[in-house]
Amino acid sequence: MAQPAPEDEDVLTSYFPAPPPFYKHFTPKNLDALSQFKTTHSIDEDAALTTQQLLQLPTELRYLVPPAPPSPSAAYSVFGKKTTLHALEDYPDTMAAIRSRLLTHPVSGDPVLDWTYEQLYPSSPTWSSLDRQAYLFRFLRSIVLSYIELLGIMAHDPTSEAKDEKLKDVLTLALNMHALVNEYRPHQARETLIREMERQVERKRGEVEGVRRMGERVEEVLAGFERSGVEGREEIDGAAGEVSDEERRRERQRETWGVLDEVLGH
Amino acid sequence: MGDILTQIQDELDMLLNQMQASFAYIRNRAPPTPIPNQPTLSSMQEFEAQNAAALNPSAAPPAPPPPPPREEFLKDIAELSRDMVLKEQQLEVLVASLPGLDKSEAEQVARMKELERELEGLEGERLRAVEEKEALLRRVEGKIVKAGKMGS
């Protein structure tokens, strides 16, 4: 997660504009207070509040009441142009007009390349009822074959009608392949997710296993340390009169260093 | 596993491009086939250049390079064909290695659910392991401090 940017930088550098400040008022406590207010003033849950009622509310609760939607004829400006909500009703017509303009040649009025194409494979409601791979192979080989046929036609008669048909065939095949591949995308996305999850499982298992191994090793070292420590002490106790204090101190220091080395994995 | 699907689409477009390029090459560069006892005709490109020069003598395009000798042309054609076949084979390999062909959508979803459960279980185990690790660390630290005191 990204750290929230400091307040002053936020305004300048954040990718999205900050939400309006009143979103902070939408707390469960405030929402409860609002419904409390509505019940005490016997207002319907869905009914709009009058101005007077609104003014009775504490300031922070006023934000919780949605404003009335603008009237359909109210004007607002988009990109410096005045428009109304009515204008939205023309939207489908506008889009249709744009579409038809894109599909016809601006000068001659002929239809330009039409991207609708004949679907050469059966559409299937469920994923697995269609062998997409087989169809992809089939289309791919057909494209190559069509190309060779096209070469033959061109060598024989470059002006023949047959070449246009062949070109159209290649186009149809290529478009079908693209469509098939695009239908495959959700499947690939799921497959990628599965792989990623498997990797995570693997990683976490490794981590747990690593800790367990380390634990065992530390256990061993400590056990060894305790044994040798006890033995050492007994020896020292037995020979207390003979070993000088200085030697005992050195002995213990050596022991300590040995243990440290072992623990640190040297 | 990269994004095989996008690769397939890119390679497919490239294959079509290669086809187009080969056609253009043949059209522009094929040396005319001499017919016995007939005057030799110019190649398509030369022909077009001549026409353009005749129509508009002031802005005549530069004369095209002379068509390659027959052997060279055949060699180029062979190379173009080889590239195209190679591209097609590449596409076949890509299609053959599409991910998850043997799985239905339901199977995928089931596998994802299973993995999710497993991950949740492992996460708990991992947290326990981390705690264990810290406990071990404390123990070792304690021992070292004790050993240090003993030695001093």
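Residues numbered from 1 in each chain as written. Chains lettered and ligands numbered in written order. Predicted model: local features only at pLDDT ≥ 70, side-chain atom pairs only at ≥ 80, totals over all residues.

Along chain A, the regular secondary structure elements total eight helices and two strands. Residue burial in chain A is summarised as follows: out of 266 residues, 8% are buried. Counting contacts in chain A only where the partners sit at least 6 residues apart, residues at least 24 apart contribute 46% of the total. (Helix = DSSP H or I, 4+ residues; strand = E, 2+ residues; numbered from the N terminus. Buried ≥ 20, exposed ≤ 12 C-beta atoms within 10 Å, placed from the backbone. Contact = placed C-beta atoms within 7 Å.)

Now for the overall build of chain B. From N to C terminus, chain B includes four helices and zero strands. Taken from N to C terminus, the helices and strands of chain B fall in the order α-α-α-α. The buried share of chain B, taken over its 152 residues, is 7%. Of the contacts made within chain B by residues no fewer than 6 positions apart, 64% connect residues no fewer than 24 positions apart.

Within the largest apolar cluster, 20 residues are counted, with the highest numbers of intra-cluster contacts made by L140, I143 and M177 of chain A together with I8 and L91 of chain B. Mapped by element, the contributors of at least two residues to this core are helix 6 (132-156) and helix 7 (161-238) of chain A together with helix 1 (4-29) and helix 3 (70-96) of chain B. Take this core: its biggest share by element is seven residues, from helix 7 of chain A. Excluding its chain neighbours within four sequence positions, the residues that come into contact with I143 of chain A are V170, L173 and A174 of chain A. (Core = buried A, V, L, I, M, F, W, Y, C linked by C-beta atoms within 7 Å.)

With that settled, the discussion passes to the interface of chain A and chain B. The partner chain B presents 38 residues to the 42 residues of chain A that form the contact. Secondary structure elements with two or more residues in the side of chain A that touches chain B: helix 6, helix 7 and helix 8 (245-263) of chain A. In terms of residue count, the dominant contributor to the side of chain A that touches chain B is helix 7 of chain A (28 residues). Residue classes in the side of chain A that touches chain B are distributed as 23 nonpolar, ten polar and nine charged. (Nonpolar A, V, L, I, M, F, W, Y, C, P; charged D, E, K, R; others polar.)

Residue and element names in this part refer to chain A. For helix 2 (residues 28-40), with 13 residues, the first-to-last C-alpha span of 18 Å sits near the 18 Å given by 1.5 Å per residue. Along helix 2, only one of the 13 residues are buried, which leaves the element largely exposed. Positive phi shows up at S42, right after helix 2, with a value of about 45 degrees. (Expected span 1.5 Å × (residues − 1).)

Here we come to the confidence of the model for chain A. Here chain A averages 78 in pLDDT, and 80% of its residues register 70 or above. The spread of mean pLDDT over the elements of chain A runs between helix 1 (residues 7-13) of chain A, the lowest at 54, and helix 6 of chain A, the highest at 91. (pLDDT = per-residue confidence, 0-100.)

With that out of the way, let us pick up the packing of helix 1 of chain B against helix 3 of chain B. All names here are of chain B. Running from N to C, helix 1 and helix 3 cross one another at 165 degrees; their axes reach a closest spacing of 10 Å. Judged by the inter-axis angle, helix 1 sits roughly antiparallel to helix 3. Crossing angle aside, the handedness with which helix 1 passes helix 3 is left-handed. Residues I4, Q7, I8, E11, L12, M14, L15, Q18, M19, S22, Y25 and R29 of helix 1 touch helix 3, and the partners they reach there are F73, D76, L80, D83, M84, K87, E88, Q90, L91, L94 and V95. Tallied by class, residues from the contact of helix 1 with helix 3 come to 13 nonpolar, four polar and six charged. (Axes fitted to C-alpha atoms, helices over the stretch in contact; angles between N-to-C directions. Parallel < 35°, antiparallel > 145°, perpendicular 65-115°, else oblique. Left-handed = near helix turned anticlockwise from the far one by under 90°.)

Residue and element names in this part refer to chain A. By the bridge criterion, four bridges tie strand 1 (residues 75-78) to strand 2 (residues 81-84) in an arrangement that is antiparallel. What sits directly across from V78, in strand 2, is K81. Linking strand 1 back to strand 2 in an antiparallel pair, the connection comprises two residues, with F79 at a positive phi of about 50 degrees. (Pairing = 2+ DSSP bridges.)

Moving on: the packing of helix 6 of chain A against helix 3 of chain B. Where helix 6 of chain A meets helix 3 of chain B, the axes come as close as 10 Å, and the angle between the chain directions of the two elements is 175 degrees. Classified by the angle their axes make, helix 6 of chain A and helix 3 of chain B are roughly antiparallel. Residues Q133, L136, F137, L140 and V144 of chain A of helix 6 of chain A form the contact with helix 3 of chain B, whose own contacting residues are E88, L91, E92 and V95 of chain B. Of the residues contributing to the contact of helix 6 of chain A with helix 3 of chain B, the split by class is six nonpolar, one polar and two charged.

Glancing now at the confidence of the model for chain B. All names here are of chain B. In the predicted model, chain B carries a mean pLDDT of 82, and 88% of its residues have values of at least 70. Mean pLDDT across the elements of chain B ranges from a minimum in helix 2 (residues 44-55), with 73, to a maximum in helix 3, with 91. In the model output, the complex is listed with pTM 0.56 alongside ipTM 0.71.

So, about unusual backbone geometry. Located in the positive-phi region is F79 of chain A, a residue other than glycine, with phi close to 50 degrees. Turning to its location among the elements, F79 of chain A is positioned in the loop between strand 1 and strand 2.

Another point: the environment of T172 of chain A. By the secondary structure assignment, T172 of chain A is in helix 7. When residues no more than four places from it in sequence are discounted, the contact partners of T172 of chain A are Y117, E118 and L120 of chain A.

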